[in-house]
Amino acid sequence: MWEYTDKVKDHFMHPRNVGELKDANAVGETGSLNCGDALKLFLKVDENERIVDASFMTFGCASAVASSSALTEIVKGMTLDEAAKVTNGDIADYLGGLPKEKMHCSVMGKSALQKAIADYRGIQIMEKPGEMVCECFEVTDLEIIDAVKANG
Amino acid sequence: MNVIYTDNNATTRVADEVIEEMLPFFGGFYGNPSSMHTFGDRVGKKIRQARQKVADLIHADPDEIIFTSCGTESDNSAVFSALNAYPDKKRIITSNVEHPAILNLFKYLRDKKGYDVVLVPVDKKGDLDLDLLYDSLSDDTAIVSLMWANNETGVIFPIPEIAEKVTEKGILFHTDAVQAAGKIPIDVRAAHVDMLSLSGHKIHAPKGIGVLYVKKGMKFFPYLIGGHQEKGRRGGTENTVSIIGLGKACELAAQQLPIMNTQVKELRDYLQSQLLEKIPSVSVNGDLENRLPNTLSIGFDAVEGESILLMLDKEGICASSGSACTSGSLDPSHVLMAMEVPFKSAHGTIRFSLSHYNTKEEMDHIVKTMVSAIETLRAMSPFWKDGKLV
Amino acid sequence: MNVIYTDNNATTRVADEVIEEMLPFFGGFYGNPSSMHTFGDRVGKKIRQARQKVADLIHADPDEIIFTSCGTESDNSAVFSALNAYPDKKRIITSNVEHPAILNLFKYLRDKKGYDVVLVPVDKKGDLDLDLLYDSLSDDTAIVSLMWANNETGVIFPIPEIAEKVTEKGILFHTDAVQAAGKIPIDVRAAHVDMLSLSGHKIHAPKGIGVLYVKKGMKFFPYLIGGHQEKGRRGGTENTVSIIGLGKACELAAQQLPIMNTQVKELRDYLQSQLLEKIPSVSVNGDLENRLPNTLSIGFDAVEGESILLMLDKEGICASSGSACTSGSLDPSHVLMAMEVPFKSAHGTIRFSLSHYNTKEEMDHIVKTMVSAIETLRAMSPFWKDGKLV
Ligand SMILES: Cc1ncc(COP(=O)(O)O)c(C=O)c1O
Ligand SMILES: Cc1ncc(COP(=O)(O)O)c(C=O)c1O
Ligand code: FES
Ligand code: FES
């Protein structure tokens, strides 16, 4: 069984900001039903590009649920530029750490966030370097290596 | 909190009667049965009795029972012995829903030792493609190994029928009966099997003790090479205490077989019908007519298994989301994939496996907990909207 | 009748502290540590603690500890892994006084798999011919496996010195430390060993649990192929109860090491000097300066071991006439033969192996019994006349 921190368990049992945000103006979606994990992130961004509200829908394990919940808490109040710098490591740190095998669950959060930002700004996400290891989350091996390095 | 344990295909509680039987042999009669003193020999006698009881459960002779350290060792030993008996035969046959103790071994033999491995597929109900199996039998087949019952779905393969066809051709037949033992009747004689694996911890004996039945007259090559224990068929000082415990557990299993197929089965059926009735978009995996009496593999659309398990865990309910042998990945199990269970419900599959220790009150508590867990999880699932899958 | 147990190199009594530690995990916390529920995870935590305690006893890292089912499995696994790591190397080296778990395995590899097996001899004191060992090291040597201490004589091989020389050449070094553990200090780091075997039942843990230490960074090939247990290095559901017991036993062994080398050693020395003093034509086998503190292998001219054992048994005294792994034959053991112990005393050799549970009163009772047993047997021996060998 995974060693989840109390913070992870709390965010799993009592996820913050669950559901569809009715007046969202930025939406990012990653993963799929086939792959076993999926995240839909809703952001409400004001005219100063500040995130005034955020919510999520997640299909996945406890880390995926907790990471999504944490992500919405982290980005609320940030500008899009600030939010763009949020890493999966920040999400894990916010939760007091994730099991090594579960780091990819937080990568999914980062990926959905970037897509939401791109959705708002109407830009295409550039092709990423590296070899695609998980088509569903669009996670590359380099990202996983980064994530593993960044999280010891 | 009280624990509601419905993970008996993963492992079982050691029965009180078994513990009682074992206790005197830890600190009291701890002698080595191979020793030349009465003290050691007293243990030797108990082991002979235990061997008889194990043999009785599967209608074998005591001489045909080799004690091993687990089901995995029994499986590995059986295959290794067959390959040594027929060094020139290069085909080995199994199914694609076996336990990793067989499946990973066969893959290793294919990838590292160049064996021609046939993985016979199952259909959507988890039943074996018998035609394909029989067609794949060839002169250079060293062994066919097929599980008697599947650990994840409980689906039962028609072993007596298969074994007869396979052994008729002079091909060795091994069956992994780790999940079948204690749940359905097993008769090695009637079933024509050459080798059969059991594991103690699935039938209320301790973990770390297993059995390999080897038919009399069959040439056997030991897997653990060492001393002369087990008539030279398995080196290593005998695990006396666990052997004695396993003897008792087999005696109890034989007695409780009728309970398993009435009381336990009824509880399982009750749990199944309640879950189907109270939760929408639910499907049961595996051949319902051909299933272990204690096992329920059931998939809930649009939610993910680990999340369900954690919510059950909060209520003290132990279950499993597939095989207990997880690698840490959340991929649907190889068994569900082989059965082509759709992703939408494969990811949300839970296995409840019962024992005679379970009660109706426990089933009711599971149903209540499941109803609320699935509701909560579907409320946050991007694939669930307005009461159905999107 | 009270039992006087001096057969601790064959197997030991499970310590009360160990039993107490294990009991809650049979019928109470019986979960599978790989499971996804708190109930199973509770066992997982205990296993992590146990792994740490085992590691501490030999100054290893917990990650370097693989739990197996016995010393024999550890020995077999170590050799198998080395052969898989170096499929092209065809020489394997051991001594001619190893336990059957190594010796029979090497003979099998020689006779059935074509390996070039070097059996390094010992001298009359049981000490290894180091020059011959070093001369036999070659580029195509896959593994050198040598026991740390001999089960029959207690003679200790200079493993740290040997391991350094062997590993310097890039050759894998394994040591069977089944008899050394708990009796002399073991430090895998200081000793440069790559792999090391332990067995629980020699240090007051139950039978059926063993350890293989595998040095970090070493490529390891699993022997039992199956699930992902032990980080993929040994399939099979963990023997949770025995692992937990072994952890406690290792903790106790570390604490009792000083007692072993004072109190137990004094008892052994007392027994030895009494027997030498009170019985004529007696000789102690093995290097007296270089021996486990608890072991006494002692030969009585002109009498036969089994007869002595039966007379001891009548007084409740448990001892051994050589290795416990007997095939039922009365040939002198391969260890005594390798040491060229003369037949006249090899046949009449008894091994007393003590533990901290023994007392001086027990030694006195053994001496008394031995004096009369030897007298009786010599009175009827055709090789004994007028107080001496003829
Ligand atoms: C030196 C030595 N190696 C290996 C073994 C085998 O250990 P086990 O009986 O646990 O397989 C023994 C004892 O039987 C032994 O004394
Ligand atoms: C069908 C089947 N075969 C083999 C095994 C392996 O048994 P063990 O864990 O005792 O090695 C198991 C259970 O884990 C099983 O369910
Ligand atoms: S989201 Fe994939 S395992 Fe957690
Ligand atoms: S006389 Fe009995 S074994 Fe030889």
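Because the structure is predicted, anything quoted here is derived from the model rather than measured. (Residues numbered from 1 in each chain as written. Chains lettered and ligands numbered in written order. Predicted model: local features only at pLDDT ≥ 70, side-chain atom pairs only at ≥ 80, totals over all residues. Heavy atoms only, no water.)

J.: Which residues make up the domain arrangement of chain B, and what are the values?
T.: Residues and elements named next belong to chain B. Per the domain assignment, the segments making up chain B are domain 1 (4–10 + 256–389) and domain 2 (16–252). Put simply, the middle of domain 1 and the middle of domain 2, counted by C-alpha atoms, are 29 Å apart. Of the roughly 2,500 Å² buried at the junction of domain 1 and domain 2 (both faces included), carbon and sulfur atoms supply 54%. The largest share of the area that domain 1 buries against domain 2 comes from Leu-292, His-334 and Met-339, three residues that together contribute 22% of it. A salt bridge links Lys-124 to Glu-340; the shortest N-O distance between them is 4.0 Å. Where domain 1 meets domain 2, there are 13 residue pairs in polar contact (both at pLDDT 80 or more). For the side of domain 1 that touches domain 2, the elements supplying multiple residues, two or more each, are helix H10 (240–278), strand S10 (295–300) and helix H12 (334–338). Residues that form the side of domain 1 that touches domain 2 fall into these classes: 11 nonpolar, 16 polar and 4 charged. (Domains from an automatic or database assignment. Buried area = accessible area lost by both parts, 1.4 Å probe. Salt bridge = Lys/Arg side-chain N within 4 Å of Asp/Glu carboxyl O. Polar contact = N/O pair within 3.5 Å; in protein donor to acceptor, adjacent residues only side chain to side chain. Helix = DSSP H or I, 4+ residues; strand = E, 2+ residues; numbered from the N terminus. Nonpolar A, V, L, I, M, F, W, Y, C, P; charged D, E, K, R; others polar.)

J.: Can you lay out the side chain of B:Ser95 for me, pointing to particular residues and giving the numbers?
T.: Residue and element names in this part refer to chain B. Inspection of the secondary structure puts Ser-95 in strand S3 (residues 91–95). On the basis of relative accessible area, Ser-95 is assigned to the buried category, the value being 0%. Within polar-contact distance, the side chain of Ser-95 engages the backbone nitrogen of Val-97 at 3.1 Å. Only 2.8 Å separates the side chain of Ser-95 from the side chain of Glu-98, close enough to count as a polar contact. What Ser-95 contacts, discounting residues up to four positions off in sequence, is Leu-103, Leu-119, Val-120, Leu-128, Ser-145, Leu-146 and Phe-157. (Buried < 20%, exposed > 50% of the residue type's maximum accessible area, 1.4 Å probe, protein only. Contact = heavy atoms within 4.5 Å.)

J.: Tell me what's going on with the site of ligand 2, and back it up with residues and numbers.
T.: Lining the immediate surroundings of ligand 2 are 15 residues, of which B:Thr72, B:Asp176, B:Ser199, B:Lys202 and C:Thr237 lie closest. The separation between an oxygen atom of ligand 2 and a polar main-chain atom of B:Gly71 is 3.0 Å. Contact between ligand 2 and B:Lys202: an oxygen atom at 2.9 Å from a side-chain N or O atom of the residue. Here ligand 2, which alone exposes 390 Å², has 97% of that area covered by the protein. It is helix H4 (residues 71–85) of chain B that contributes the most residues to the shell around ligand 2, 3 residues altogether. A class-by-class count of the residues in the shell around ligand 2 yields 3 nonpolar, 9 polar and 3 charged. (Near = heavy atom within 4 Å. Areas by Shrake-Rupley, 256 points an atom, 1.4 Å probe, with all protein chains shown as cover.)

J.: Summarise the sheet that holds strand S2 (residues 37–45) of chain A; cite the residues concerned and give the values.
T.: Strand pairing in a sheet relies on backbone hydrogen bonds. The paired strands run either parallel or antiparallel. All names here are of chain A. In spatial order, the strands read S1-S2-S3; together these 3 strands make up an open sheet with antiparallel pairing. Bordering the open sheet on either side are strand S1 (26–32) and strand S3 (51–59), each of which pairs with just one other strand. When the angles between neighbouring strand axes are averaged without regard to direction, this sheet yields 10°. Bridge count for S1 against S2 is 7 bridges, and the pairing is antiparallel. In the strand pairing of S2, Thr-30 is matched with Leu-39. Contacts from helix H5 (residues 103–121) reach S1 and S2 within the one sheet, and its direction differs from that of S1 by about 140°. (Pairing = 2+ DSSP bridges. Axes fitted to C-alpha atoms, helices over the stretch in contact; angles between N-to-C directions.)

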